[in-house]
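Chain and residue survey
Next come the chains, spelled out residue by residue.
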Amino acid sequence: MRVSKYFISTLKEAPSEAEVVSHKLMLRAGLIKRLTSGVYTWMPLGLRVLRKVEAAIREEMNASGAIELLMPAVQPAELWQESTRWEQYGPELLRFKDRHQRDFCLGPTHEEVISDAVRREVKSYRQLPLNFYQIQTKFRDEIRPRFGVMRGREFVMKDAYSFHADKASLDATYREMYDCYARIFTRLGLKFRAVAADTGSIGGTGSHEFHVLADSGEDAIAFCPDSDYAANVELAEAVAPPAGRAAPAAALTRLHTPGMKTIAGLCDFLKIPARQTVKAVVVDDADGRPLLLMVRGDHELNLIKAAKLAQVKTPVAFSSAEAIRAAFGADPGSLGPLGFKGTVIADRAVMAMSDFVTGANENDHHYTGANIGRDFPEPVTADIRNVVAGDASPDGKGRLDILRGIEVGHIFQLRTKYSSAMNLAFLDAAGKSQIMEMGCYGIGVTRIVAAAIEQNYDERGIIFPRAMAPFDLAIVPIGFGKSAQVREAVDKLYSELSAAGIEALLDDRDERPGVMFADMDMIGVPHRIVIGERGLKDGTIEYKGRREAQAQAVAWKDATQFVQSQLCSD
């Protein structure tokens, strides 16, 4: 491709709207242009990158045995009402009416649509298993779109849905999709990790997330360096401390703690570490009454874990100020278990504490020397906190560390969540009607582009892995419009590379070399060749890899072979 016949629109500075590195560089490189909040136009360069990501996904999905189709973006409300998600999904589901006042939505996902198609077509176990996928534009009405295409409202997604006669078949496809995803992300040159995860609004039983590792990631991943254990912090089990609870050694003492409403303030006031305190969080129980959750002061409550407790109302709702005062006699910041008549659930780490500090259920007062059993009844024990670095790994093989990750893929074992609700029945070998098992498997296609940039950039711009780079090689001629010798050499090399199947971007603009170098670096082309009269007189051209600090001279006669060898080594 010749730049004079293409469209490149780079910027020296990122617009003020840009926050994270990928957002800034995608705008500066001219990959995307903002249309409105959370909605972007993919410009020619960006679209080339996107299509390469799609191609890798499509090839690996096809190789796995999945079958491609394309479903409508507009979905009728009746299907969502049938699955019970019309109201459950929340405001992210963009609902609207057509001219006949019938309810529709813009699809954020397609479980209902594919289920409807399958129940119309599949009647026998002989037709199973099936795994359908599509690469399609989705829309989710995010309350606060941010980070460019990382969390936009409109995005491209690969979503697949599998259907099975039994759980064993589902397990086999789930494993195949796990392996397929690993192949996709490896092929795209990404550093990633698969982690056990919560199923969230999609529902179902087991699930795994695939995270591109990056400091800017929104998700925290707990992993054990000494084993294969990895899980989203939301799901990772916080195992009980190995040592039991020590016997009480301090007397229960009530202290005046004026204005101390936070753990940090209380610790400064009492000159104690946060791990010696207990944090109190009040939520509604299953009957709407206040329930007390207790975690160690240096730990964070995990609401996803709490929501799975039978005693806690789902979704988790924090108790009102009025209900808290009525139940405890005090406001948040001074709450504790002593004297509270409702249900108390303590994290495993709290159950190992002695002589700790907790609220006295009187504003501006706390107890020191509090002990379970002696000063208040034994609470219910549960894992209700986020793990932290240094915690024991749940598999017993070491200690946990914490990484940041950007979720780019998620696979679920839906089981019969949708198939039961939508009556996906088939006849088994005995002629008996059965409900299908289901799985679903998503990849954020547009998000992959941003995640790759978060891993691959420097002060000059993007450094795309070759598998998703817009072009394999940039050719930068010096004096292309003035020197017939340069023009002849460049045209010859460009033709040879094209014939060899190498996608080269020839910068034939009448620009200063510095401008051309800056643009090629910014847009992330992984290899660059510079051709000028001086080098040609010596029989050489200049080669530089995007990640390399120094250029090297290459014999002109070996240029095509050299470029091929560099591309093969990527």
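One structure accompanies this document, and this report is about it. (Residues numbered from 1 in each chain as written. Predicted model: local features only at pLDDT ≥ 70, side-chain atom pairs only at ≥ 80, totals over all residues. Heavy atoms only, no water.)

**Examining the overall build of the protein chain**
Rules: The helix count covers DSSP runs of H or I at least four residues long, the strand count covers runs of E at least two residues long, and both are numbered beginning at the N terminus. To sort residues, take the accessible area from a 1.4 Å probe on protein chains only and compare it with the maximum for the residue type: under 20% means buried, over 50% means exposed, and anything in between is partly exposed. Every residue pair with non-hydrogen atoms within 4.5 Å of one another is taken to be in contact. The Shrake-Rupley method, run with a 1.4 Å probe, gives the accessible areas here. Residue values count only the displayed protein chains as cover. Counted as positive: Lys and Arg. Counted as negative: Asp and Glu, with His and the chain ends omitted from the count. Think of each charge as sitting on NZ of Lys, CZ of Arg, CG of Asp or CD of Glu.
Regarding its fold elements, the protein chain presents 16 helices and 30 strands. Split into buried and exposed, the 570 residues of the protein chain put 51% on the buried side. A separation threshold of at least 6 residues defines the contact pool for the protein chain, and within that pool the share at least 24 residues apart is 69%. Just so you have it, the protein chain exposes about 25300 Å², and 51% of that area is on carbon and sulfur atoms. Here the protein chain contributes 70 positively and 75 negatively charged side chains, and the mean placements of these two sets differ by 1 Å.

**Quick look at the pattern of salt bridges**
To be explicit about the condition: One speaks of a salt bridge when a side-chain nitrogen belonging to Lys or Arg is within 4 Å of a carboxyl oxygen belonging to Asp or Glu.
Scanning all chains against the criterion turns up 49 salt bridges. A salt bridge links lysine 305 to aspartate 383, with the shortest nitrogen-to-oxygen separation between them at 3.0 Å. Taken as a pair, lysine 305 in helix H8 (residues 303-307) and aspartate 383 in the loop between strand E19 (380-382) and strand E20 (401-415) lie far apart in primary sequence, 78 residues in all. With respect to class, lysine 305 is no different from aspartate 383; both count as buried.

**Structural notes on helix H2 (residues 44-63)**
Defined as follows: One less than the number of residues in a helix, times 1.5 Å, gives the span that helix is expected to have.
In this model, H2 (20 residues) spans 28 Å end to end at C-alpha, consistent with the 28 Å of a helix rising 1.5 Å per residue. Those residues of H2 lying buried are Leu45, Gly46, Val49, Leu50, Lys52, Val53, Glu54, Ala56, Ile57, Glu60 and Met61. Following H2 by one or two positions, glycine 65 adopts a phi angle in the positive range, close to 100°.

**Structural notes on the sheet that holds strand E16 (residues 344-347)**
Applicable threshold: Two strands are counted as paired when DSSP detects at least two bridges linking them. Every axis in this analysis is a line fitted to C-alpha atoms, fitted for helices over the stretch in contact. Angles between the N-to-C directions lie between 0 and 180 degrees.
In spatial order, the strands read E14-E15-E16-E19; together these four strands make up an open sheet with mixed pairing. Two strands bound the open sheet, and with one partner strand each, they are strand E14 (278-284) and E19. Along the sheet, successive strands turn relative to each other by an average axial angle of 30°, direction set aside. Bridging between strand E15 (residues 290-296) and E16 involves three bridges; their strand directions are parallel. Bridge pairing links leucine 292 to valine 344 in E16. Those strands touched by helix H9 (residues 321-328) are E14 and E15, and its axis lies near 85° from that of E15.

**A short note on the environment of isoleucine 402**
In this fold, isoleucine 402 is placed in strand E20. Along the backbone, isoleucine 402 and alanine 222 are 180 residues apart, and their C-alpha atoms lie at a distance of 4.7 Å. In contact with isoleucine 402, other than residues within four places in its own chain, are Ala220, Ile221, Ala222, Phe223, Val233, Val387, Val388 and Ala389.

**Considerations on the pairing of strand E1 (residues 32-36)**
A regular strand carries its side chains on alternate faces of the sheet. Bridge analysis of E1 against strand E2 (residues 39-42) gives four bridges, and the strand direction is antiparallel. Of the residues in E2, the one forming a bridge with threonine 36 is valine 39. In sequence, E1 turns back onto E2 through a hairpin of two residues, with glycine 38 there showing a positive phi of about 75°.

**Some thoughts on the side chain of glutamine 136**
Condition: Whenever two N or O atoms come within 3.5 Å, that pair is a polar contact, provided that in protein one can donate a hydrogen and the other can accept it, and provided that, for residues adjacent in sequence, both atoms are side-chain atoms.
One can find glutamine 136 in strand E7 (residues 130-139). Looking at glutamine 136, the relative accessible area reads 6%, which means it is buried. A polar contact is formed between the side chain of glutamine 136 and the backbone oxygen of methionine 71, at a distance of 2.7 Å. Here lysine 138 takes part through its side chain, which lies 3.3 Å from a polar atom of the side chain of glutamine 136. With near-sequence residues (within four places) excluded, glutamine 136 lies in contact with Leu70, Met71, Pro72, Ala73, His110, Phe155, Val156 and Met157.

**What to know about the side chain of histidine 23**
Positionally, histidine 23 belongs in helix H1 (residues 21-28). Among the polar contacts made by the side chain of histidine 23, one reaches the side chain of tyrosine 40 at a distance of 3.0 Å. Dropping the residues within four chain positions of it, histidine 23 is found in contact with Glu17, Ala18, Tyr40, Phe147 and Gly148.

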